[in-house]
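Results of the structural survey
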Amino acid sequence: MYSFASISIIALCCYTFLLAAFVAAKKTPVVNSFIMVLISGVLWTGGSFCMRIQIFPSIEFWFQVSLLGMFLICYAFCWFLMEFTDQKNPFLNKLWLILMVGIGVVNIFTGVFLEAPRAVTAANGDTAFIYDFGWPVAVLFIACGAIVVHMFVLMIKYYIDDDFKKKQMFPLLVGVALVFTGELLWMLPALKGFPIDILSALIMVICMIFTLHRRRLFKLTLLLSRESCYCISILVCFGLFFYFLRPIEAALTTLLGHSFTRVVMMTCLLFALFTVMLYILMKNFINKVFIRDEIARANVLKEFSETVSNSLKIDDILGKLVTVINDTIPVNKIYVFIKAEDESKYRMAYSLSPLSERTATIHKENPIIKELRERHECVMMEDFKCLTVYKSMWESEKEQLEDLDASCFIALKDGGDLVGIVAVSGKKDGSRFSYDEISFLDSVGSVCSIAVKNSRLYEKAWYEARIDELTGLLNRKYFYEILNEEFEKNKTRSLALIMVNLDDFKLYNQLYGNKQGDFALKKVGEILRATVGSSGYVARCSGKEFGIILPLFDTMGARKMAETILKQISAMNRNMDEKEYSTRVLTASCGICTVPYGASNVRELMDNADMAVYQVKRSGKNGILVTTGSTVLQGADTAKEREKKQKLDIYEEYAPTIYALTAAIDTKDHYTFSHSENVEYYATELAYALGLNEESVEIIREAALLHDVGKIGIPEEILNKKARLTAEEFETMKGHVMNSVGIIKHLPSLDYVIPAVISHHERWDGGGYPRGLRNEEIPLFGRILCIADSFDAMISMRSYKKPFPVDYALEEIKNNAGTQFDPALAEAFVKLVGSDKITPKLVELKKA
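As the structure is a prediction and not an experimental result, all values here were calculated from the model.

1. Description of the sheet that holds strand 12 (residues 588-595)
Spatially, the 5 strands line up as an open sheet ordered 10-11-9-12-13, and their pairing is mixed. Only two strands of the sheet have a single neighbouring strand rather than two, namely strand 10 (537-540) and strand 13 (624-627). The average undirected angle you get between the axes of adjacent strands in this sheet is 15 degrees. One ladder, built from 7 bridges, connects strand 9 (residues 495-502) with strand 11 (residues 545-551); its direction is antiparallel. Looking at strand 11, one finds that asparagine 501 is bridged to glutamate 545. In this fold helix 18 (residues 514-532) packs onto strand 9, strand 10 and strand 11, with an angle of close to 5 degrees to the strand it touches most, strand 11. Across the sheet, helix 20 (residues 602-618) lies against strand 9, strand 11, strand 12 and strand 13, angled at about 150 degrees from strand 12, the strand it touches most.

This is the structure we're talking about:
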């Protein structure tokens, strides 16, 4: 029989090599337990090798070292399985460790369980080691058998309900079975002296490596680390020199003579040089084959991370994701699915080929979705097909996955939420995905998940900042942004604006409650959204007012849409079930203005549409008015012709209130009452000349009478001061504008005159007050009042000045056209006075 030292040395080299490799690996509980297996293996095989070559100190010493290593490797196998299957049991872990170490220590001092083998030398000089077994050896097999049984239980529990895990554990099952079989065969007389236990344990370690690699708990390139290269170089050189030692010695003796010292030195030098050369060659090979690709992928991943971190648009992120995958791992197809808004499915949002149809969806109940949600890594299609859940899928679901031709699925997660899926088909060269490639896909998926999460947060914030919470329509701020954008796009074509204001909605809330009111607002929002569709934009501009922007719509088209909307609002309650909230009877007033004929800028467009709404409400509500407000002079009717028109004078309704307010001012400032009447005359005549309709003229009339009503709050000593006002007194006087607004806003039936009243001291160049508006930002009615107010102030007697001549006043208006006054209105007013269509009213200051 032979000593079979070669088997021990091969096993020792393998364990040492693996230990050197895994010491450099990233430490995890699983890897740590495997390192313990390798350390135990080194003790076991190293002790066996030293025993078989019978080196110092004795065969018995190395036998006990080997036996202790065998006991520890049995425990280490069990510890590894506990970590691998995540079935930690601290009690049993400590129990098996204490049991194995205890048996080993007892056997060291007593040899009661297994004595050291006898070395028997044959006639040909070979040495065999013979073991003598007694009944106590059964204790060793019982202890090891108990651990093996525990290992089988751990594996069965791990994969009992999971075919994929069964596939993972199969190599370990084979390895454990071989170890147990090896221990039993070791006792057979025919195999006495043959280290079958060492051989079976080595196969078990190989099975463990294969299992770790399949689960991607380490990289095979770790086996070729710097330390591994040293070990391989030394072992290869040692083997070659051991085999060629005699020929090398003979050659050196021939060259150098019979000098023993020279031969030994040259042999050592050759061994060292050959080892270094082999190491350099291996390292360069590793750098070219493994490290270069690894560095390239790391750089790609870093660049991808920096790129997507600077993007908040989901399409840009997905486009870069698809590009980086295809550039790094050329594949046939890539599809990206994103969770739909209703969260019931995942819709295709991006693909590698721009010609691919993006109609495919994956339902959230599809088993692949569940698998991706639970896993923390890529799901390979070949592994997924081994699962019971795949076999139980509907054929239609299987066909859907087959149509994608996907080999790998990558999860895009936002915390625990699966927000997207990346389906990657097979590689163009037909090869399988390597560990590094799958790790790269996992890393790309993780980076993209963070980018998608940031994109979703941005989109959510963007949405919330632009959407009205109650109705889901655009909010006021975003409405104005879109209005300005669309105006710039369509100012030379056509753009319609419809303002929809619910009638008597405050009363509606008082009668039916705010809850019913909110319900009505939601229903109105739904009607507007459904009616407008993709033709324009719908927004909730205030509590009861909605705005509709219609690019490329003319007046007729906008009016037809407004009529449809009013009919639907009036009929909201007809199809309601009695158990649902009843919206009762609700009507709305609509104002329409279009570009370019009805307005020349955004502010004028809004003001004209709002004014149209006011006029509808004053005319009886529940109607539509199209305004064509313009600053261009149009043909005006004569005073006699206007008087012949039979029209309801809405002004009559509010005249008593207006005169009561102006009469109150007259008690403090006798000039203000007559001044307001004069401004009313000049302003309305100018309005008629401009071609404004009767409703607009009536609003200007009322605004003229009320424009100085705020002077009731100005001290009399300032109002009637004969000298020039100080800067502080002038600031107080300027406050009369906001005082007027404060009074009028408490009169709901007259609040439509506020835009004109608040603007009558604004200047065309922006130097006026209180808001500093300029050019056409100033409402048209305010610009009309400004000219009428200034003209009457100049030609009237005031406490601090005498009246100026009419010609002087007209000249001042002409000189200040383009600075203080609207140029077109100033020119029109001067012409009206010059042609006697406006007769100046010269009124002296009354005596108190």
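2. Points about the confidence of the model for the chain
Of all residues in the chain, 80% have pLDDT values of 70 or greater, and the mean over the chain is 80. Overall, residues 577-583 carries pLDDT values under 50, and its contacts beyond four positions in sequence, including any with other chains, amount to 12 contacts. For residues 844-848, every residue scores under 50 in pLDDT, and the model assigns this stretch 7 contacts once sequence neighbours within four places are set aside.

3. Points about the side chain of glutamine 64
Its location among the elements puts glutamine 64 in helix 3 (residues 59-84). Residue classification places glutamine 64 among the buried positions, given a relative accessible area of 9%.

4. As for the pattern of salt bridges
Opposite charge on two side chains permits pairing when their charged atoms draw close. Throughout the structure, instances matching the rule amount to 22 salt bridges. Residues lysine 523 and glutamate 526 are paired through a salt bridge, measuring 3.6 Å at the closest nitrogen-oxygen approach. Of this pair, lysine 523 and glutamate 526 both sit in helix 18, separated by 3 residues, roughly a single helical turn. The exposure class assigned to lysine 523 is partly exposed, which follows from its relative accessible area of 23%. The class of glutamate 526 is partly exposed, set by a relative accessible area of 41%. One salt bridge in this structure joins lysine 721 and glutamate 729, with 2.6 Å as the shortest N-O distance. Each member of the salt-bridge network shares a partner with another, and the members are Glu680, Glu698 and Arg701.

5. Considerations on the pairing of strand 10
Here 4 bridges tie strand 10 to strand 11, and the two strands are oriented antiparallel to one another. Counted as the bridge partner of valine 538 is isoleucine 548 from strand 11. The hairpin turn running from strand 10 into strand 11, its antiparallel successor, is 4 residues long.

6. Re the sheet that holds strand 6 (residues 379-380)
On the basis of which strands lie adjacent, the open sheet formed by 6 strands has the order 5-4-3-8-7-6 and antiparallel pairing. Each edge of the open sheet is held by one strand with a lone partner, namely strand 5 (361-363) and strand 6. Bridge count between strand 6 and strand 7 (residues 406-414): 2 bridges; the pairing is antiparallel. Counted as the bridge partner of valine 379 is phenylalanine 409 from strand 7. Sitting on the sheet, helix 11 (residues 367-374) touches strand 4 (345-351), strand 5, strand 6, strand 7 and strand 8 (417-425), and the angle it makes with strand 7 is about 55 degrees. Helix 15 (residues 435-466) contacts strand 6, strand 7 and strand 8 of the sheet and is inclined by roughly 35 degrees relative to strand 7.

7. As for helix 4 (residues 90-110)
Between its terminal C-alpha atoms helix 4 stretches 30 Å, which fits the 30 Å expected from 21 residues at 1.5 Å a residue. If you check which residues of helix 4 are buried, you get Asn93, Trp96, Met100, Ile103, Gly104 and Asn107. Buried residues of helix 4 fall within an arc of 115 degrees about the axis and therefore sit on the same side. Facing away from the buried side of helix 4 by over 90 degrees, the exposed positions are Pro90, Phe91, Lys94, Ile98, Phe109 and Thr110. Looking at the buried positions of helix 4, the neighbouring elements they touch are helix 3 and helix 5 (137-159). Glycine 111 sits one or two positions beyond helix 4 and adopts a positive phi of about 65 degrees.

Scoring rules and cut-offs
- Per chain, residues are indexed from 1 in the order of the written sequence.
- Since the coordinates come from a predicted model, pLDDT governs what is reported: local features require at least 70, and pairs of side-chain atoms require 80 or more to be given and counted, while whole-chain, interface and lining totals use all residues.
- As a rule here, side-chain values cover all heavy atoms of the structure and leave hydrogens and water aside.
- Think of it this way: DSSP has to see at least two bridges between two strands before they count as a pair.
- Secondary structure follows DSSP: runs of H or I at least 4 residues long count as helices, runs of E at least 2 residues long count as strands, and numbering of each begins at the N terminus.
- Axes, fitted as lines to C-alpha atoms, cover a helix only where it is in contact. Angles between the N-to-C directions of the axes lie from 0 to 180 degrees.
- In this analysis, two residues are considered to be in contact whenever any of their non-hydrogen atoms come within 4.5 Å of each other.
- On a range of 0 to 100, pLDDT expresses the predictor's confidence in each residue.
- Between buried and exposed lies partly exposed: a residue is buried under 20% and exposed over 50% of the maximum accessible area for its type, with that area taken using a 1.4 Å probe on protein chains only.
- The salt bridge criterion pairs a side-chain nitrogen of Lys or Arg with a carboxyl oxygen of Asp or Glu, the two atoms within 4 Å.
- Working rule for helices: expected span equals 1.5 Å times residues minus one.
- As used here, the arc is the angular range of directions from the helix axis to the C-beta atoms.

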